[in-house]
Amino acid sequence: MLAAMANAPPVKILAAELVTSASAAAGFPAEGAPEVALLGRSNVGKSSLLNRVVGRRSLARTSKTPGRTRLVNFFRVLRPEGELRLVDLPGYGFARVSQSERRAWQALVESYLAKRASLRMALLLQDVRRDPGTDESDLLPWLAARGIPVLGVLTKVDRLSARERAARLRFFREQGLGLDWIATSARTGAGSVELWAAIDAALRG
Ligand code: GDP
């Protein structure tokens, strides 16, 4: 508890709340504040990182809550720098999902990525210990087609020694889908400040 407090992000969050959860494009909220989409396989640590960067313990549910995993969740975040929405897209990469479930997931994610006018940046989350695969690379053309910048976000870096971490970061910077990568940990808060700086730079640009 004390360690978690000590590592709280030095980022000021004035408000953070769930706007809505949508199971289809018709349920997306009206376009508004700039949106930053979070993409990643289920279990990558997306909910944990989202909670960490907004300094709220349980705003985004973890993957243990199955109800929300097929939904697009829109979170409003107010900071002194301005307002934005973090958009949590459903986790993909379930080994055992059926073809029809996979198609439904793709249709939902693509309906968001292909058409959302407020979308300004995407974060592609990747467990630092895994290599990126087609689940990750398949999404990039949707974003490239619209000129949406994508930042690679390595998760759970606390699970590696400093030496292993440096080696993995080098690997991703050389062979990680051509993206820029930053190293984060929801557990320690590592990388939160860099992540906000990258988001602010993209929203300004
Ligand atoms: P999601 O399915 O992508 O939303 O993933 P969750 O946030 O639910 O995390 C999946 C699992 O990874 C949970 O058991 C978390 O406790 C664990 N986890 C998430 N982030 C971290 C992290 O930064 N460090 C470590 N060691 N474990 C993490």
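Check the entry above for the structure.
Keep in mind that this is a model prediction, so the values were computed, not measured.

### Remarks on the side chain of Asn51
Turning to step 1, where the next piece is worked out: Note that Asn51 resides in helix H2 (residues 46–53).
Turning to step 2, where the next piece is worked out: Setting aside chain neighbours within four positions, we find Asn51 in contact with Arg56, Arg57, Ser58, Leu59 and Ala60.

### Some words on the pattern of salt bridges
If the charged atoms of two oppositely charged side chains come close together, the side chains can form a pair.
Turning to step 1, where the next piece is worked out: One pass over the structure, following the stated rule, counts 12 salt bridges.
Turning to step 2, where the next piece is worked out: One salt bridge in this structure joins Arg76 and Glu17, with 3.2 Å as the shortest N-O distance. In this pair, Arg76 sits in strand S3 (residues 72–79) while Glu17 sits in strand S1 (residues 15–22), placing the two residues 59 residues apart along the sequence.
Turning to step 3, where the next piece is worked out: Among the residues examined, Glu17 registers a relative accessible area of 37% and is labelled partly exposed.
Turning to step 4, where the next piece is worked out: With a shortest N-O distance of 3.5 Å, Arg79 and Glu81 are connected by a salt bridge.
Turning to step 5, where the next piece is worked out: For Arg79, a relative accessible area of 4% puts it in the buried group.

### What to know about the pairing of strand S2 (residues 35–39)
Turning to step 1, where the next piece is worked out: Counting buried positions over the 5 residues of S2 gives 5, a clear majority of the element.
Turning to step 2, where the next piece is worked out: In S2, alternate side chains face the same way, and those of Glu35, Ala37 and Leu39 on one face and Val36 and Leu38 on the other are all buried.
Turning to step 3, where the next piece is worked out: Bridge analysis of S2 against strand S4 (residues 82–88) gives 4 bridges, and the strand direction is parallel. Paired with Ala37 across the bridge in S4 is Val87.
Turning to step 4, where the next piece is worked out: Relative to strand S5 (residues 119–127), S2 runs parallel, the two sharing 5 bridges. Note on S5: the bridge partner recorded for Ala37 is Ala122.

### Examining the sheet that holds S3
Turning to step 1, where the next piece is worked out: The strand order across the open sheet built from 7 strands is S1-S3-S4-S2-S5-S6-S7, with neighbouring strands paired in mixed fashion. Each of the sheet's edge strands pairs with one partner strand only, and the pair in question is S1 and strand S7 (180–183). Pairs of neighbouring strands in the sheet enclose a mean axial angle of 25°, with direction left out of account.

### With respect to the nonpolar core
Turning to step 1, where the next piece is worked out: The biggest cluster of nonpolar side chains holds 31 residues, and the ones touching the most others in it are Leu39, Leu89, Tyr112, Leu113 and Leu143.
Turning to step 2, where the next piece is worked out: Not counting residues up to four positions away in its chain, the partners in contact with Leu39 are Lys46, Leu89, Tyr92, Val109, Ala122, Leu123, Leu124, Leu125, Leu139 and Leu143.
Turning to step 3, where the next piece is worked out: Within the second largest apolar cluster, 27 residues are counted, among which are Ala16, Leu86, Leu125 and Ile182.

### Some remarks on empty space enclosed by the protein
Turning to step 1, where the next piece is worked out: Following the criterion strictly, the structure yields 2 cavities of 30 Å³ or more and no others.
Turning to step 2, where the next piece is worked out: Looking at the second largest cavity, its volume works out to about 40 Å³.
Turning to step 3, where the next piece is worked out: Around the second largest cavity, the lining residues are Leu38, Leu49, Leu50, Val53, Leu86, Leu123, Leu195 and Ile199.
Turning to step 4, where the next piece is worked out: Within the residue set of the lining of the second largest cavity, elements represented by two or more residues are H2 and helix H7 (192–204).
Turning to step 5, where the next piece is worked out: With 3 residues, the single largest contributor to the lining of the second largest cavity is H2.
Turning to step 6, where the next piece is worked out: Residue composition of the lining of the second largest cavity, by class: 8 nonpolar, no polar and no charged.

Each value, and the rule that gives it
Residues numbered from 1 in each chain as written. Predicted model: local features only at pLDDT ≥ 70, side-chain atom pairs only at ≥ 80, totals over all residues. Heavy atoms only, no water. Helix = DSSP H or I, 4+ residues; strand = E, 2+ residues; numbered from the N terminus. Contact = heavy atoms within 4.5 Å. Salt bridge = Lys/Arg side-chain N within 4 Å of Asp/Glu carboxyl O. Buried < 20%, exposed > 50% of the residue type's maximum accessible area, 1.4 Å probe, protein only. Pairing = 2+ DSSP bridges. Axes fitted to C-alpha atoms, helices over the stretch in contact; angles between N-to-C directions. Core = buried A, V, L, I, M, F, W, Y, C linked by side-chain atoms within 4.5 Å. 1 Å grid on protein atoms, 1.4 Å probe; cavity = no way out; pocket = protein on both sides within 12 Å on 5 of 7 lines; lining within 4 Å. Points joined across faces, edges and corners; volume = space filled by probe spheres on them. Nonpolar A, V, L, I, M, F, W, Y, C, P; charged D, E, K, R; others polar.

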